[in-house]
Amino acid sequence: MAEERRQKQCSVVLPTESMKAMAESVGVGQLQEESCAALSEEVSYRIKEIAQDALKFMHHGKRRKLTTSDIDNALKLKNVEPLYGFQSQEFIPFRFASGGGRELHFYEEKEVDLSDIINTPLPRVPLDVSLKAHWLSIEGVQPSIPENPPPATKEQQKTESTEPLKVVKPGQEEEGAIQGKNQGATAPDGKGKEKGLIKLKPRSTHELSVEQQLYYKEITEACVGSCEAKRAEALQSIATDPGLYQMLPRFSTFISEGVRVNVVQNNLALLIYLMRMVKALMDNPTLYLEKYLHELIPAVVTCIVSKQLCLRPDVDNHWALRDFAARLMAQSCKTFSTTTNNIQSRITKTFTKSWLDDKTQWTTRYGCIAGLAELGADVIKTLILPRLTVEGARIKAVMEGPVVSNIDKIGAEHVQSLLLKHCASVIAKIRPQPDNVEQYRTDYGYLGPMLCSHVMKARTQAALQAQQVNRTTLTITQPRPTLSVSQSGLSGSTGPRTPSIIKVPSSLTLMSPRPGTPSQPSPPATKYIVMATSAGAASTQQVITLSSSQSASPVTSTVPSATSTSLQPLVKLESGSGPGMTASRPLQKYIVVSLPSSASSSLETKSSVLPSSISSTSLDTGMKLERSESPGASTQSPH
Amino acid sequence: MAAVQGGQVDAVEEKDIKTEPSGDGFGNNNANEGRMVSTSPGASAPAGSNKTAAGAPEDQQTLLAVLQFLKKNNLTESVEILRREAGLPENSLDPNGADSTGAGAGGTTGCVDLEGGDASSLLSRVTVSSSAGAQAPTKAVAEDQPDVNVVLSAYSQQGDPALYEVYYSSLKKFIESVLDCHRAELSQVFYPLFVHMYLELVYNNHESEAKSFFEKFSGDQECYYEDDLRVLSSLTKKEHMRGNETLLDFRTSKFVLRISRDSYQLLKRHLQERQNNQIWNIIQEHLYIDIFDGMPRSKSQIDAMSGSLAGEAKREANKAKVYYGLLKEPEIELPLDDEDEEAENEEGKPKKKKPKKDSMGSKSKKQDPNAPSQSRIPLPELKDSDKLDKIMYMKESTKKIRLGPDTLPSICFYSFLNAYQGLTAVDFTDDSSLIAGGFADSTVRVWSVTPKKLRKVKSAADLNLIDKESDDVLERIMDEKTASESKILYGHSGPVYGISFSPDRNYLLSSSEDGTVRLWSLQTYTCLVGYKGHNYPVWDTQFSPHGYYFVSGGHDRVARLWATDHYQPLRIFSGHLADVTCTRFHPNSNYVATGSSDRTIRLWDVLNGNCVRIFTGHKGPIHALAFSPNGKFLASGATDGRVLLWDIGHGLMVGELKGHTDTIYSLRFSRDGEILASGSMDNTARLWDATKAFDDLETDDFTAATGHVHLQDNSQELLLGTYMTKSTPVIHLHFTRRNLLLAAGSYNA
């Protein structure tokens, strides 16, 4: 292989066409073929020479990236004038153009209007260089602080969760511990080479350091608190910090519990905050979220389809939350759906089923459609378009029929605009022109005429965009789901309700591990609030205090003591019959609550439990429950 | 002109060797050149050849070269004088003159070995075309703009280009068929042969043959030559050879091979049987075969030592005596909380040595037999402040943690934030109170890492107002208004690649791409001197541990020794075949180690400028060097991610530490030398058990004599810890006086 590469090195020469093009650019036409060949060889050689010198500068600059200044310095070495004004720290965007059988790459220098420069506000002054000290190692052990890399990479997290036996083999713990002590956080590579001494990660105790506890407390409080600036910071931290994996179980529990509580209380703001946390977690590239989908997906689905998400459905913009959650759902389907867990198909099934149900309320209906529509054009084509007529009739009944309630009407309006928005672009693609209103009416019923105009608009827009694409370089702007709409909508209308927003977090923070624990090794007892909500608003709370020390068992009668000594995944089996449409069949739901201070083994067991616990039926039923009719029944299901 | 070891040498050469005090291969032309300069005062040009690296056998040629040069420039008078002085015959300048006379002195007869008879007959056939005289000037003027045509003319002999491949592959077949024990040794021949044959082809405009030759055989070469092969591969035209450094390196320096006598005989017999003149010619002309008696070396032994641009070091290059011991510590009474007593002692006669608790210090009572004499290099007098500092140092050392495999040091990491990849060099003061950073934007910044802020001295006008008699005058001269955490030093006009604090913390040195080394005052935070000399980027600089002297090395392939009060260098250490990438002073200030892109490390004697050690074995440019605190060992790190350990006294490689996956930019021994810390571009700092690495050595006489190293592969046992940073290359390491490890690097988001 090396040989092949070398041969390539040997023969790489600039094409003679480039020589011609360059000659033309300086006014020399009709360059002979031989001179081109000679020139290109010479130029290639010189360029290689300069590149080699530039590498020297890169090495001494202690960088891995060759910069334009390195080239400049290399040119200077050779007494050649450097390329002035060609400074770029990052990638240099060369443009490609072809025409007349020629292919060219060139650097586009845009013409800039001076007045533009003068009128634009000055950019922020770059931050000055500063020094920051931290402990990389304390007497040979690397402390796990944010400044140090996470002790476990995503890959490790994955193997830990999928193949727990591989991680720690019985009888080798001791060896692993010694190795771990000596090697600290050895990079994963190179370990495999040690024969006999397979480096084992010692059983990681899932206790959080004091710093982590503080961090968790700060982050969760900021995420659900009232200060938007703080929240943005916290979300940013969740989305980027690489050392969060140990806190991931807590975050996911926080979110799922938070959703449960707040759906019941119809606290729209908090639900939005929690969904933004989900989004941030999903954005974090170092986290292996697959382990916690069983908690996150129901929470997200709840936010999409729940019948009521806010106190005043006629005023509050809970639609935005549904949209946002639907986008989240689509994103997680895209990232996490595999042939084994079948998330996408299961989600689709869930949405479709409830959409087809006549009794479904407009809010849930909206959520189902949004959820489906976000899954992509194919889903829209196969599932939504065929039902446009039926849906149109239903909307018509509400819009033009006798006024039942204002809420229904608003719901129907939103469903209508949602359908129009999503279907128009798809129809524009699959339906041949011309767009005939009558034709549309026959095809899609009540919604037909409106669809027709939307489709036409979509077509003109597409044409416009295509033109733009032709004219400029291709810039792909991907719409990123963000949710800020609701904030503004809320702040005006929910003045009096802010106390409740603040109140809830304070109770939620109880879930965080006790902060400020001194560095003694015993894990802190963790408190959980499990809210069991019976019909209506009446709720009972059970505070389960758990500590992961060997002897302690959860202080609650409803919780069966967990399988082995130290691992206590709280598996609660609850059977009951849901009211309403799901009443026909008894529901079984496993709720796995991972305990913050339990040992790592708990994770392993839990992960082995996982497949069964979120097997398709239980997941479906769980989702169904959460979007089912009576608000009480929907959310109290877990407990 | 292969000067074969143990071969007979003619009279002129013998005389030369006698005049060489050190007998090392390089940079020992002093005697001859002293003569030359004195005899030709009018011709200043040849003086430039002082700096050339020419081995002892080449002195004769150097002379010839100078003569030719003079003749060419019609300096007939000088020619006459020089010739008379050197005792050369009249006709020695005739390039095609009889081989047996002057020109041949350095050439043909030099390579007559034990089988002199048929070897020389063979030689006489092949060496006629290549004129010894014509080649010689290359060596002489390589430092200045070399006359490339002359250099290259060595390649002008015409062989059938089509046959090159045949020659090479027949040799390949032969070497593959010899006994296993010889194969590894003889395989060393491949690379230099390959390069020279390729260059010959290119020179003679056989472009396509050259290409196919390259393609056919470049894959066979050892992977560590890949960088050079890349350079070579781009070289396809005769015109390209002009000014190509790599080529000149190859041409001007003989590739050194170390081969056992048996293997060499085997090779020679084969080549003679086959009448393979082309190859034999190259071996004679461009290779220096160092023949030793005894067992052929194994593949791993060869691999350990090879990799350098010019082959292995000659054995005799590492034979000179090196005084690696430490100097006696100046006797300073440890103050018994009594400042007055101490002051008395310092004034008068230093006596009554007090045993220090320092582990090194205990030895220093007696003169180390390996230590240089105290006055070998004139060292600056200790000032009062230095003595105070020494006392502080001793006090601190008593609180030092004894490190070992079980007690690893804590590492405090200083991250440079917002440096945008612009951090190029870092240094700490010895007492760890200041940290300095050199940046790609030409600035040097100094931070105080203690609560003590950095203050400037007041302006001259303000200083006048100060009561000079007051006790706290040193405090009073400082300008409180200028106190800040950090100071920026502006002055360079290019990236700052090297930085070094003076031991007394009063000065800071910085070296830059702009070709200067600057001396900054840390009292006034201004530039004091700009040392110009390197006309090309200066890659590294370092103060001597005793202050006053400093060394710098750069792209111009030389290292220079300076004194702070001289604007011209005191010594120029020349011999490296490529950029000098890093420079380090020996703890006793008598030696300087330099690492280079030619993948060798050289140790230079400060006293006479001689190169006393050449260490080969690295497979990439060397970017980090560190002496052990006892002065016995040297550690080096290179782009290949390996740390090599060297025994300075014996001139041997004694260890190899594998583990890093990228360039090693910093190496540092703990204060007592138990732990070696290495920092690398792969974002890790690693700790190695240096005690174990050095204790396990048994350097018997045989190994010392032959230079055959047996390295155990025990990197994993020696590795004590690996500490990853998030995204920060570790570019500097420093042990505080209490053995806390400080590391520094810039965070790359």
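Each value, and the rule that gives it
Residues numbered from 1 in each chain as written. Chains lettered and ligands numbered in written order. Predicted model: local features only at pLDDT ≥ 70, side-chain atom pairs only at ≥ 80, totals over all residues. Heavy atoms only, no water. UniProt positions renumbered as here; feature names shortened; annotations may be inferred. Helix = DSSP H or I, 4+ residues; strand = E, 2+ residues; numbered from the N terminus. Contact = heavy atoms within 4.5 Å. Salt bridge = Lys/Arg side-chain N within 4 Å of Asp/Glu carboxyl O. Buried < 20%, exposed > 50% of the residue type's maximum accessible area, 1.4 Å probe, protein only. Pairing = 2+ DSSP bridges. Axes fitted to C-alpha atoms, helices over the stretch in contact; angles between N-to-C directions. Buried area = accessible area lost by both parts, 1.4 Å probe. Polar contact = N/O pair within 3.5 Å; in protein donor to acceptor, adjacent residues only side chain to side chain. Nonpolar A, V, L, I, M, F, W, Y, C, P; charged D, E, K, R; others polar. Parallel < 35°, antiparallel > 145°, perpendicular 65-115°, else oblique. Left-handed = near helix turned anticlockwise from the far one by under 90°. Phe/Tyr/Trp six-rings, centres within 6.5 Å; stacked < 30°, edge-to-face > 60°. Lys NZ or Arg CZ within 6 Å of the ring centre and 35° of its normal. pLDDT = per-residue confidence, 0-100. Patch = residues over 30% accessible without salt bridge, like charges linked within 9 Å, V, L, I, M, F, W, Y side chains within 5 Å. Areas by Shrake-Rupley, 256 points an atom, 1.4 Å probe, with all protein chains shown as cover.

An unreviewed UniProt entry lists chain B under the name Transcription initiation factor TFIID subunit 5, with Parambassis ranga as the source organism. According to its UniProt record, chain B has this under Subcellular location (unreviewed entry): "Nucleus".

The name given to chain A in an unreviewed UniProt entry is Transcription initiation factor TFIID subunit 6, with the source organism recorded as Parambassis ranga. Under the UniProt heading Sequence similarities (unreviewed entry), the note attached to chain A is "Belongs to the TAF6 family." Here is the UniProt Subcellular location (unreviewed entry) comment for chain A, exactly as written: "Nucleus".

Trainee: Just give me the short version of the environment of C423 of chain A, but keep the residues and values in it.
Mentor: For C423 of chain A, the position within the fold is in helix α19 (residues 406–430). The contacts of C423 of chain A, once residues within four sequence positions are left out, are I380, I384, L385, L388 and L451 of chain A.

Trainee: I'd love a proper account of the pattern of salt bridges, names of residues and values included.
Mentor: Taken as a whole, this structure holds 42 salt bridges over all chains when the rule is applied. A salt bridge links E228 of chain A to R276 of chain A; the shortest N-O distance between them is 3.1 Å. You can see E228 of chain A sitting in helix α10 (residues 228–240) and its partner R276 of chain A sitting in helix α12 (residues 268–283), a full 48 residues away along the chain. Of the residues examined, E228 of chain A reaches a relative accessible area of 32% and is grouped as partly exposed. Exposure remark for R276 of chain A: the relative accessible area of 14% places this residue in the buried category. One salt bridge in this structure joins R402 of chain B and D672 of chain B, with 3.9 Å as the shortest N-O distance. Linking R402 of chain B in the loop between α21 (384–398) and β3 (411–417) with D672 of chain B in the loop between β26 (664–669) and β27 (675–680), this pair joins segments that are 270 residues apart in sequence. Its relative accessible area of 56% is what places R402 of chain B among the exposed residues. One network of salt bridges, with partners in common, ties together D389, D430, D431, R505, R671 and R737 of chain B.

Trainee: Report on the sheet that holds strand β30 (residues 732–735) of chain B, specifying residues and quantitative values.
Mentor: Strands in a sheet are paired, the pairing made by backbone hydrogen bonds, and the direction either parallel or antiparallel. Sheet architecture is open: four strands sit in the order β3(A)-β3(B)-β31(B)-β30(B), paired in mixed fashion. For this open sheet the edge positions go to β3 (130–137) of chain A together with β30 of chain B, each flanked by a neighbour on one side alone. Mean inter-strand twist for the sheet, computed between neighbouring axes without regard to direction, equals 25 degrees. The pairing of β3 of chain A with β3 of chain B spans seven bridges and is classified as antiparallel.

Trainee: Lay out the sheet that holds strand β4 (residues 423–428) of chain B with the relevant residues and their values.
Mentor: Residues and elements named next belong to chain B. Pairing is antiparallel across the open sheet formed by four strands, whose spatial order is β4-β5-β6-β9. Looking along the sheet, the strands with just one partner apiece sit at the ends: β4 and β9 (486–489). On average, adjacent strands in this sheet sit at an angle of 20 degrees to one another, irrespective of strand direction. Both strand β5 (residues 434–439) and strand β6 (residues 444–448) contribute to a ladder of five bridges, which runs antiparallel. Within β6, the position partnered with G438 by the bridge is V444.

Trainee: Can you tell me about the interface of chain B and chain A, naming the residues and giving the values?
Mentor: The interface of chain B with chain A comprises 74 residues on the first partner and 56 residues on the second. When the two sides are added together, the surface that chain B and chain A hide from each other amounts to roughly 5800 Å², 53% of it contributed by carbon and sulfur. Salt-bridge contacts for R445 of chain B lead to D128 of chain A; the nearest nitrogen and oxygen are separated by 3.0 Å. The interface formed by chain B and chain A includes 15 residue pairs in polar contact (both at pLDDT 80 or more). Elements that contribute at least two residues to the side of chain B that touches chain A include exactly α12 (207–217), α13 (226–234), α14 (238–241), β3, β4, β5, β6 and β29 (719–724) of chain B. Ranked by residue count, the leading element in the side of chain B that touches chain A is β3 of chain B, at seven residues. The class makeup of the residues in the side of chain B that touches chain A is 34 nonpolar, 24 polar and 16 charged.

Trainee: Would you mind going over the packing of helix α9 (residues 210–224) of chain A against helix α11 (residues 248–264) of chain A in detail, with residue names and values included?
Mentor: All names here are of chain A. Where α9 meets α11, the axes come as close as 12 Å, and the angle between the chain directions of the two elements is 30 degrees. In terms of orientation, α9 lies roughly parallel with respect to α11. Regarding α9 and α11, the two cross each other, and that crossing is right-handed. The residues of α11 that touch α9, namely those facing Y216, I219, T220 and V224, are R250, F251 and F254. Its residues assigned to classes, the contact of α9 with α11 shows five nonpolar, one polar and one charged.

Trainee: Give me the packing of aromatic side chains: which residues, what numbers.
Mentor: Two aromatic rings, taken as a pair, are described by how far apart their centres are and by the angle between their planes. Applying the stated criterion across every chain, the model contains 30 aromatic pairs over all chains. With a centroid separation of 6.0 Å and an interplanar angle of 5 degrees, the aromatic rings of F550 of chain B and W562 of chain B are classed as stacked. Of the two residues, F550 of chain B sits in strand β15 (residues 549–554) while W562 of chain B sits in strand β16 (residues 558–563), which places them twelve residues apart along the sequence. Look at F550 of chain B and you get buried, because its relative accessible area is 0%. Of the aromatic side chains, those joined through ring pairs into one cluster are Y168, F190, F194, Y198, F213, F214 and F217 of chain B. Across the ring face of W355 of chain A, the terminal group of R387 of chain A is positioned such that the distance to the ring centre comes to 5.1 Å. For R445 of chain B, the ring lying beneath its charged end belongs to F439 of chain B, and the centroid distance is 5.4 Å.

Trainee: Got a sec to walk through the UniProt feature "repeat: WD" (unreviewed entry) in chain B? Specific residues and values, please.
Mentor: Residues and elements named next belong to chain B. According to UniProt, the positions carrying the feature "repeat: WD" (unreviewed entry) are residues 416–457, 489–524, 531–562, 573–614, 615–648 and 657–689. Across residues 531–562, the secondary structure splits into 0% helix and 59% strand, with the terminal C-alpha atoms separated by 9 Å. Strand forms 58% of residues 657–689 and helix 0%; the C-alpha atoms that close the span are 10 Å apart.

Trainee: Describe the confidence of the model for chain A, and please don't skip the residues or the numbers.
Mentor: Residues and elements named next belong to chain A. Across chain A, the average pLDDT comes to 68, with 61% of residues at or above 70. In this model, residues 1–7 is a region of pLDDT below 50 whose contacts with residues beyond four sequence positions or in other chains number twelve contacts. pLDDT under 50 marks residues 167–199. Its contacts with residues more than four places away, or in other chains, come to 35 contacts.

Trainee: Which residues make up a nonpolar patch on the surface, and what values go with them?
Mentor: A surface patch of nonpolar side chains, amounting to about 430 Å² of accessible area, comprises V112, L114, I117 and I118 of chain A. Mapped onto the elements, L114 of chain A comes out in helix α5 (residues 114–119).

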